[in-house]
Amino acid sequence: MLVVITYDVNTQTEAGRKRLRQVAKQCINYGQRVQNSVFECIMDYAKCKEVQHRLKKIIDVEQDSLRFYYLGNNYKDKVEHIGAKDIIDVDDTIIL
């Protein structure tokens, strides 16, 4: 299923900036960045729970937030892109 992960981390302190970097590094391991704090991830339910667990350990729930949008398996008709940044279709074959 396609899961969109978004986050907002308070970066007014050095600790906040460190949390922001850590959240981004974790998200990169699971999907593709489509905007600064937005990742699209193809994963099953178990993998999604794993990501949530890892991210919850990083953020400060008093200052930061995470959002998970579950778009399911038939997501291609639910996502529309307008603009310059090309997005890689993670379901297509990639030749290196």
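Read on for an overview of the structure. (Residues numbered from 1 in each chain as written. Predicted model: local features only at pLDDT ≥ 70, side-chain atom pairs only at ≥ 80, totals over all residues. Heavy atoms only, no water.)

A few points about the pattern of salt bridges
A side chain with one charge may pair with a side chain of the opposite charge, provided their charged atoms come close.
Now for step 1: Enumeration over the complete set of coordinates arrives at five salt bridges.
Now for step 2: One salt bridge connects E14 with R17, and the closest N-O pair in it is separated by 3.4 Å. Note that E14 and R17 are positioned in helix α1 (residues 14-28) at a spacing of three residues, about one turn of the helix.
Now for step 3: You can call E14 partly exposed: its relative accessible area is 47%.
Now for step 4: Counted as one network, the salt bridges with shared partners bring together E14, R17 and R21. (Salt bridge = Lys/Arg side-chain N within 4 Å of Asp/Glu carboxyl O. Helix = DSSP H or I, 4+ residues; strand = E, 2+ residues; numbered from the N terminus. Buried < 20%, exposed > 50% of the residue type's maximum accessible area, 1.4 Å probe, protein only.)

Some remarks on the nonpolar core
Side chains of nonpolar character tend, in soluble globular proteins, to be buried together.
Now for step 1: If you look at the biggest cluster of nonpolar residues, it comprises 18 residues, and the most contacted ones within it are I5, Y7, V23, L55 and F68.
Now for step 2: At the level of elements, β1 (2-8), α1, β3 (38-42), α2 (45-58) and β4 (65-72) are the ones that each hand at least two residues to this core.
Now for step 3: Per-element tally for this core: the top contributor is α2, with four residues.
Now for step 4: When neighbours within four sequence positions are excluded, I5 is seen to be in contact with C27, S37, V38, F39, C41, V51, L55, R67 and F68. (Core = buried A, V, L, I, M, F, W, Y, C linked by side-chain atoms within 4.5 Å. Contact = heavy atoms within 4.5 Å.)

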